[in-house]
Amino acid sequence: MPTRKLYWQDPYRTTFTARVMQRLNGERPGVILNRTIFYPTGGGQPHDTGLLGGVRVIDVSSDDDGNIIHWLEAPLPQDADEVSGEIDWARRYDHMQQHSGQHLLSAAFQDILYRPTIGFHLSDNTVTIDLPGPPPDDEAVNRVLAFVQNAISEARPITAREYPLAEAIHLPLRKPPTVDGPIRVVEIQGLDWSACGGTHVRNTSEIGHLVITRLERRGDQTRVYFLAGGRANADHLQRIRVTRELSAMLTTGVEDLPAAIERLQEQMQQSQKALRQARDLLTQAEARRLIAEAPHSGGVDIVLHILESDDVKELSRLLQALIAVPNVVALLGWAGGGRPRWAAGRSSNVPLDMLESLAEVKEAYGVQGGGSPEMIQGAAPDEETMHKALHLLQAFAFDLPDID
Ligand SMILES: [Zn+2]
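Here the structure is a predicted model, which means the values were calculated and not measured.

### Observations regarding the pattern of salt bridges
- The tally for this structure, following the rule as stated, stands at 23 salt bridges.
- Connected via shared salt-bridge partners are Asp 111, Arg 174 and Asp 192.

### Details of unusual backbone geometry
- Positive phi is not limited to glycine here, since Tyr 114 has a value of about 55°.
- By secondary structure assignment, the location of Tyr 114 is in the loop between α2 (89-113) and β9 (119-122).

### Thoughts on the packing of helix α6 (residues 257-293) against helix α7 (residues 313-323)
- Where α6 contacts α7, the two axes come as close as 9 Å, and the packing angle between them is 60°. Taken together, the axis directions place α6 and α7 in an arrangement best described as oblique. Relative to α7, the crossing made by α6 is right-handed. Contacts between α6 and α7 involve Arg 279, Thr 283, Gln 284, Glu 286, Ala 287, Leu 290 and Ile 291 from the former and Glu 314, Arg 317, Leu 318, Ala 321 and Leu 322 from the latter.
- Looking at side-chain class alone, the contact of α6 with α7 contains six nonpolar, two polar and four charged residues.

### Looking at the sheet that holds strand β18 (residues 328-334)
- Judged by pairing direction, the sheet is mixed, and its six strands sit side by side in the order β16-β17-β18-β19-β21-β20 without closing on themselves. With partners counted over all chains shown, the strands left at the sheet margins are β16 (296-297) and β20 (368-371), one partner each.
- In the packing of α6 onto the sheet, the strands contacted are β17 (300-307) and β18, and the crossing angle to β17 comes to about 120°.
- Across the sheet, helix α9 (residues 383-398) touches β16, β17, β18, β19 (341-346) and β21 (375-379), and the angle it forms with β17 is around 175°.

The rules behind each value
Residues numbered from 1 in each chain as written. Predicted model: local features only at pLDDT ≥ 70, side-chain atom pairs only at ≥ 80, totals over all residues. Heavy atoms only, no water. Salt bridge = Lys/Arg side-chain N within 4 Å of Asp/Glu carboxyl O. Helix = DSSP H or I, 4+ residues; strand = E, 2+ residues; numbered from the N terminus. Axes fitted to C-alpha atoms, helices over the stretch in contact; angles between N-to-C directions. Parallel < 35°, antiparallel > 145°, perpendicular 65-115°, else oblique. Left-handed = near helix turned anticlockwise from the far one by under 90°. Contact = heavy atoms within 4.5 Å. Nonpolar A, V, L, I, M, F, W, Y, C, P; charged D, E, K, R; others polar. Pairing = 2+ DSSP bridges.

Right, here's the structure in full:
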């Protein structure tokens, strides 16, 4: 005997008693009852949670024989032949509002835009339906929502009934039946007939409010994110709070927020540009100072400098500024992070092959690095090795023939 589905008789029932038919004592304890108000995951609607004999029900599923299995946090007391249970009503009622909202929204997309629903997904965070084709435009979506809101204000009864297949095929069902036996049809009075095993609110007014929050193109389909009932209210309150905070921060009305943020972005871009220019001037001044203080050899200024900056990028910026000046060999180290870095280069008129120098430094001290004949850079295992490597590079610079 399959489990009797009390949630079909009365989806508003929150407590019940039932006989224990079978205990499942695997890794996860489970129990099958002769009847239940616990809805098992199916038809896009998630399972209920709650208590059974004082034990938490964490999952509910159905098997091919029509048994509904309550998966429990702990086994039921062994002597219990009969148990009483209660579902988490807030969770269930939320599912009922979303699911009824889905039927109504799907009916609206079908009747207004001729787009059938080809997927439905309901989770703790999101509710979606999938439609064929690209996202409809705002005007089309507004017509769909007007249809939905009108049906909600009409408080149309939502009822469920089982029909023999022969009768069901004469109903204007959204999708052709896929089962042979009797078919449970959920009707939004005069508006929608859908084969469905889910739980629904009594009438459309209990859907309360329905909003579409996002349309997402997915290949040649569109995913419609929507919220109904309590979720739509919670979302509305959150948006009010966020926009109020933004309005206070930017001292502007809600409708002027996008323009205010655009102005902020422009100001930020200008500030960043000014900051970059100031930084470049500082780097060039630092390069001139280092060159002025550097020892000369054979007409070349040989700069050896360890950077104090927190920013490793300053290493290559300073190197670029130094070798942009003629007659310079620059050897820079940076030990600001965990791993010392170094960079070395020369002006384009200085006949020193940095790659050749690099090969010798690699051989002498095992440092890592790479680059071009004009510029090389790399890392050293510790500060001492970095200093040794830079001094060896400096020695190559002092050995250069006179370029004057
Ligand atoms: Zn349904």
